[in-house]
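Working through the structure, step by step
Each chain is listed here by its residues.
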Amino acid sequence: MSIDDFELAVIPLDAPEAQDPNLTGAKAAHLARAAVAGLPVLPGFVLVPAERAPEAPTGQNAVRGAWRVLAGAHGSVRAVVVRSSSVYEDTEYSSMAGRFESVLDAWGWEEFTAAVWTVLGSARQVRPLRQSPDALPGDGMAVLVQPMLKSAVGGVMFGADPVEGRTDRILVSAVRGGPDQLVDGSTQGVRYQLTRRGRLVRAEPAEARDERLLPHRRTARLVALAKKTEQVFGSPQDMEFGFDAEERLWLFQARPITAMATRPPRGARLLGPGPVAETLPSVLQPLEEDLWATPMSHGLTVALDVTATASRRRLRKVPVVTTVQGRAVADLRLLGASPSRHPFLERLNPAPGARRATAAWQVGRLRTALPLLAIDLMADVDRTLAEFPPPREMLSGQLLDAVGWGRKVLSALHAQESLAGALLDGGSGPTAAGEALAELAEGRARGLQDEELVERHPVVLALLAPTLADRAPLPAPIGRTALPRGVGALPVREGLRLRVRWVQEMQAQMVRELARRLGVRACELGLSRLVLLRWEELVRVARGDGLPADFAERMPRTDTGVLPDEFRLAAGVPVVEPKSGARTPGQGSGGGFGTGTGTAWDGQGERPDHPVLVVRFLDPALAPLLPDLAGLVAETGSPLSHLALLAREYRVPTAVGVPGATERFPTGTPLAVDGGTGSVTVRDLPRAASLAVPARQESAA
């Protein structure tokens, strides 16, 4: 089968009908439109099935005549380029870049006809979804023919930067020769980021000024071409270009940019899971969000307001804690968990002078009064929790009231816990997780099962994340633990954290009982569906007002993976915050305790000798792994977090906020961890050396 087996019509590129993408394909139609607008487009013609262009010249003679005119139109230029122009490629929704064949440097009639057949046949290898199974090879495919231009410098240009999602930038990749070297991936080229006025922002890799592929005279012409092409098509375009030996600039292709990265709007908040992932590490369903994330946000807002850390206007405008893709995240700037890019401006407290003075006075009083206030609050919580009868003995309205009380008291607990962490010195004392491990070890030794352990020693709940679903089993203790000392021995902040967990567990028990009762009523609302309600909706359902109108369409939130450490939202999508580069590789924040060496371990599989646990964030569920660790490294988190505090209790050298730790230090990597500076380095371990166990080191203090 050859080109002669197809009846093809010839449409000159400067003909009005060539601008119809349904006839000549998007690639040829765009070039025809660009040529009419005065852009530097090479001449050419398009071959289409004869039945689609009944008025156009048809047959081998017409094709041969068009080829002869084109091949001899530029003196010494005799070769042609034969390119695909499918109705399915180079569209606003799909570029299908490189999916169909193009043939360069076709010399003579035989090579030309073979190239046309190659392009037509490529429609069979890549069949668009809209094609029917019995479509002909050339169905939907047109063939664009132009003279082959030998470029001195060629490349690809985007009228916007699709990598960073910036419409105020123009991105260019250039090579010596034609742009085909770039588009087929065989050559990296030089990448230039330009402003829309032609100023060079950066070039990668760097070039000597007098050796640049694209000096200013060329970049200025490219920017002008990008702007004019955008005017013609109404949006920034993805273009291929070339400078010939006479420095003339030619446009080889223009198509819409189909893969622009989302860019956060100016002023978008810097968010991250680090400070709150330790308390709420899992994906939250809507009801869990309202019961636990919302009170946390309110409590932290109160603490920030009391200390005048942020203006009331800003605190009223945005929540401190919110959810993204079902995961709890915090405003890192508000909480001071991420340093400002403008530290001088950060020192300018926006609060009025009188309010700052009042806040300073309040903080001074709080340092003295907070321990007693916290003790009173914890006593009230303990007494109220003890007064609740078993959920099965409570009326449905009482269940609802108990959950509502939990929301209010959680706000107070979170506020005081935050203030205690900021104002009180209790970072080196025992932790709730440490006490839970000790109780767990003794309980297991006595043969107690999970339910008995929770009933007798509810402190073990500190080892589990809150959930409205069935409670996860308690972990098996690993290694030695300290002796239990009782909840009363915990510092104020740890006591408040433990009450947060107890209130969350009470709410979960009440909601599970509500779901059991609602599940046998006419609405048949089981737990898996009840968690899709918001709190106010649950209150209305319990009072008999019925389900929301859209409830049948609601689906549970699924786990889409761990969120970036720091990101901003663009149209609801997390966009990773670029690292400032202020930290050296491996440098984080020191969480204590001395130094240690060992082997990186992700907590899965066989535990190596002298393991250094490397994790993304400090999940309390990792607490059973801490005894006898040689070190702990986390990508996010604070030295005051649950796991960091417990690590100090076990004298484990800890570094937090280590960028990219899980990727840079895979399991098996020999590491040295400095808990004082937060430095993590790769090192060779002595073959026969006896490593000191960090838990036996003397305190640096």
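Residues numbered from 1 in each chain as written. Predicted model: local features only at pLDDT ≥ 70, side-chain atom pairs only at ≥ 80, totals over all residues. Heavy atoms only, no water.

This brings us to the overall build of the protein. In terms of helices and strands, the protein carries 19 helices and 23 strands. Looking at the protein as a whole, 51% of its 701 residues qualify as buried. Summarising the internal contacts of the protein: among those between residues at least 6 apart in sequence, 66% fall at separations of at least 24. Accessible surface computed for the protein: about 33200 Å², of which carbon and sulfur atoms make up 52%. (Helix = DSSP H or I, 4+ residues; strand = E, 2+ residues; numbered from the N terminus. Buried < 20%, exposed > 50% of the residue type's maximum accessible area, 1.4 Å probe, protein only. Contact = heavy atoms within 4.5 Å. Areas by Shrake-Rupley, 256 points an atom, 1.4 Å probe, with all protein chains shown as cover.)

Here the focus is the pairing of strand S5 (residues 141-147). Within S5, seven of the seven residues are buried, leaving the element largely enclosed by the surrounding structure. Both faces of S5 are covered, namely the face carrying Met 141, Val 143, Val 145 and Pro 147 and the face carrying Ala 142, Leu 144 and Gln 146. Pairing between strand S2 (residues 45-49) and S5: three bridges, direction antiparallel. Considered in S5, the bridge of Leu 47 is made with Val 143. (Pairing = 2+ DSSP bridges.)

A separate point is the confidence of the model for the protein. Averaged over every residue, the pLDDT of the protein is 82; residues scoring 70 or more account for 82%. The lowest-confidence element of the protein is helix H10 (residues 343-346), averaging 47 in pLDDT; the highest-confidence one is helix H5 (residues 216-233), averaging 95. Here residues 685-701 is modelled with pLDDT under 50, and outside its nearest four sequence neighbours on either side it reaches 25 contacts, counting other chains as well. (pLDDT = per-residue confidence, 0-100.)

All right, on to the packing of helix H12 (residues 396-423) against helix H17 (residues 535-542) then. Each packed pair of helices is defined by two parameters, the angle between the axes and the distance between the axes. Two elements in contact, H12 and H17, have axes whose closest approach is 11 Å; the angle formed by their N-to-C orientations is 160°. In terms of orientation, H12 lies roughly antiparallel with respect to H17. When the axes of H12 and H17 are compared, the crossing they make is left-handed. Across the interface between the two elements, Leu 400, Val 403, Gly 404 and Arg 407 of H12 pack against Trp 535, Leu 538, Val 539 and Ala 542 of H17. A class-by-class count of the residues in the contact of H12 with H17 yields six nonpolar, one polar and one charged. (Axes fitted to C-alpha atoms, helices over the stretch in contact; angles between N-to-C directions. Parallel < 35°, antiparallel > 145°, perpendicular 65-115°, else oblique. Left-handed = near helix turned anticlockwise from the far one by under 90°. Nonpolar A, V, L, I, M, F, W, Y, C, P; charged D, E, K, R; others polar.)

By the element assignment, Leu 413 lies in helix H12. Residues Leu 413 and Leu 496, spaced 83 residues apart in sequence, show a C-alpha to C-alpha distance of 6.1 Å. Apart from residues no more than four positions distant in its own chain, Leu 413 is found in contact with Leu 377, Val 381, Leu 496, Arg 499, Val 500 and Val 503.

Next up on the list: the pattern of salt bridges. Evaluated as defined, the whole model comprises 32 salt bridges. Between Arg 312 and Asp 305 there is a salt bridge, with the nearest N and O atoms lying 2.8 Å from each other. Of the charged contacts, one joins Arg 383 and Asp 380 as a salt bridge, the two residues approaching to 2.4 Å between their closest N and O atoms. Here Arg 383 pairs with Asp 380, and both are found in helix H11 (residues 353-387), just three residues apart, close to one helical turn. Here the salt bridges share partners, and the residues they tie into one network are Glu 451, Arg 471, Arg 501, Glu 505 and Arg 512. (Salt bridge = Lys/Arg side-chain N within 4 Å of Asp/Glu carboxyl O.)

For the rest of this paragraph, the subject is the packing of helix H7 (residues 286-306) against H12. For the pair H7 and H12, interaxial distance at closest approach is 7 Å and the crossing angle is 40°. In terms of orientation, H7 and H12 fall into the oblique class. Judged by the twist between their axes, the crossing of H7 over H12 is right-handed. Every residue of H12 that contacts H7 at Asp 290, Leu 291, Trp 292, Thr 294, Pro 295, Met 296, His 298, Gly 299, Leu 300, Val 302 and Ala 303 is listed here: Val 403, Arg 407, Leu 410, Ser 411, His 414, Ala 415, Ser 418 and Leu 419. Taken together, the residues of the contact of H7 with H12 sort by class into 11 nonpolar, six polar and two charged.

Bringing the sheet that holds strand S1 (residues 8-12) into the picture now. Spatial strand order, S1-S2-S5-S3-S4: five strands in an open sheet with antiparallel pairing. Edge positions in the open sheet fall to S1 and strand S4 (102-106), since each of these has one partner strand only. Between one strand axis and the next, the sheet turns through 25° on average, direction left out of account. Looking at chain direction, S1 and S2 are connected through five bridges and run antiparallel. Residue pairing across strands places Pro 12 opposite Phe 45, the latter belonging to S2. Its contacts with the sheet place helix H1 (residues 21-36) against S1, S2, strand S3 (80-86) and S5, and it is angled at close to 125° to S3.

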